[in-house]
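So the chains spell out like this:
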Amino acid sequence: MTETYSLPEKKPAMGQSYSLRIAPARAAVASFLARTAGKAVIVTDGFLLARLSAVSAAPRTLFVLFDGDALPLFSMPDGVGAVIAAGGAAALRAARFYAAMQHAACLVLPSEASLFGAVEREGEVKIDGEERTVPLAESEIVCDPSDMAPSFAAAYGEILLSRLAEFERGVLTAWGLPAPREGMGVWRPAPFGAIAVLAANAALRRGGQVGEGAVLARATGSLAAYRALSVAYRAFFECGKPRLAVADYRARAARAGVRYADLVIPTAEEISRRASLFERLRGKFLGELDWFARADEAHFAAIRALGGEIPPAAPQEALSTLAERAGGLHAVMRDFGL
């Protein structure tokens, strides 16, 4: 396989840059080693193990099989000028943190098309058993879609969830309520191919996850979360009849594992104000949901073409505490007594 596509380098406002290329891993590693000096540390969680093991026989390279904790990386000898990371989010974040501390050039070879750990400016890394939020090095990102096939369904789900996050923000804003900050607009009605999925996820990781869908997806997966929220939002706008039925907020907080004091509880007057707007907003937002639903068939077909499967919607139980854990549109639904 030869390089087939190259995305332009992105230079965000914060000053840190990244580049994303489509190329075979072996060629990318050889090119990176030829352009860097000093010792090279190769970190993998098992992804591309055979190919990287062959490279690690070179005199200047050191090989680390990542076990979930970044601490062993800091026992490497002095003179490290390059870091190569291969695998999932945890391995990429650990290696990029080490590269940042060493001021070393960094190449990442993600195993997941969602690109978690590859693009973010900071992330959670386990160091001597303790999770810490740390800075992550600017990196060159190289992807070979043929190595990432099993992960494209989840990555596509992230794109669909990003559209629901925009929808949720629009609904909350229409009610004059605090809304998630604006994320990246990467969704479109036409289906995405493999390269477009990678590019869209790179943009999403740079913009950060927003909306209650991101919270739900951590427990259920992105596609299952998307399907469940699509159904819930439609039911709300299609069948919902707001009523003043005060929720047992204290019991709900306990069930969700959050502090009761952290809940935002509206007054009866505020709920009445929202209810008065509901009928005027219902048609507008149902129209948006119809538009998404019409596009779903093409998107789901694209997911299958990329080798993925469409999971069932997340079970209702997974949404039962979402209002307390995320505080988004489901909190409005809860406050309406629905």
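Up top is the structure these notes are about.
These numbers come from a predicted model, not from an experiment. Along each chain, numbering runs from 1 in the same order as the chain's sequence is written. For a predicted model such as this one, the threshold for reporting local features is a pLDDT of at least 70, and the threshold for listing and counting side-chain atom pairs is 80 or more; totals across whole chains, interfaces and linings nevertheless cover every residue. Only heavy atoms go into the side-chain values, all of them from the structure, while hydrogens and water stay out.

Colleague: I'm lost on unusual backbone geometry in this one. Help?
Modeller: The phi torsion at histidine 103 lies on the positive side, around 55°, for a residue other than glycine. Helix and strand definitions here come from DSSP, where helices need a minimum of 4 consecutive H or I residues and strands a minimum of 2 consecutive E residues; each element is numbered from the N-terminal end. Here histidine 103 is to be found in the loop between helix H3 (89-102) and strand S6 (105-110). With phi around 65°, leucine 115 is a residue other than glycine that occupies positive phi space.

Colleague: Could you clarify how one ought to interpret the environment of alanine 245 in this entry?
Modeller: Position of alanine 245 among the secondary structure elements: in the loop between helix H7 (222-239) and helix H8 (249-256). Accessible area is worked out with a 1.4 Å probe on protein chains only. A residue is then buried under 20% of its type maximum, exposed over 50%, and partly exposed in between. For alanine 245, a relative accessible area of 28% gives the class partly exposed. A sequence separation of 89 residues divides alanine 245 from arginine 334, and the C-alpha atoms of the two residues are 9.2 Å apart.

Colleague: When you look at helix H4 (residues 152-174) in this model, what are you seeing that I'm missing?
Modeller: With 23 residues, H4 extends 34 Å from end C-alpha to end C-alpha; this agrees with the ideal 33 Å at 1.5 Å per step. When you tally the buried positions in H4, you get 18 out of 23 residues, the bulk of the element. In the segment just after H4, glycine 176 is the residue with positive phi, at about 75°. Expected helix span is computed as 1.5 Å times (number of residues minus one).

Colleague: Teacher, can you tell me more about the packing of aromatic side chains here?
Modeller: Classification of ring pairs uses Phe, Tyr and Trp, with its six-membered ring standing for Trp, and accepts pairs whose centres are within 6.5 Å; under 30 degrees between planes counts as stacked, over 60 as edge-to-face, and the remaining range as tilted. According to the stated counting rule, one finds 19 aromatic pairs in the structure shown. When the centroid spacing of 6.0 Å and the interplanar angle of 80° are considered together, the rings of phenylalanine 167 and phenylalanine 292 count as edge-to-face. With phenylalanine 167 in helix H4 and phenylalanine 292 in helix H9 (residues 268-305), this pair connects stretches of sequence that are 125 residues apart. Neither phenylalanine 167 nor phenylalanine 292 differs from the other in exposure class; each is buried. Centre to centre, the rings of tryptophan 175 and phenylalanine 336 are 5.9 Å apart; their planes meet at 80°, and the pair counts as edge-to-face. Pair noted here: tryptophan 175 is in the loop between H4 and helix H5 (194-207) and phenylalanine 336 is in the segment after helix H12 (329-335), with a separation of 161 residues, a long-range link. Linked through ring pairs, Phe167, Trp175, Trp187, Tyr233, Phe236, Phe237, Phe278, Phe285, Trp291, Phe292 and Phe336 together constitute an aromatic cluster. For a ring to carry a charge above it, either NZ of a lysine or CZ of an arginine must fall within 6 Å of the ring centroid while also lying within 35 degrees of the normal to the ring plane. In this structure, arginine 205 is placed above the aromatic ring of phenylalanine 116, and the distance from its NZ or CZ to the ring centre is 4.0 Å.

Shape descriptors only; they carry no functional weight alone.
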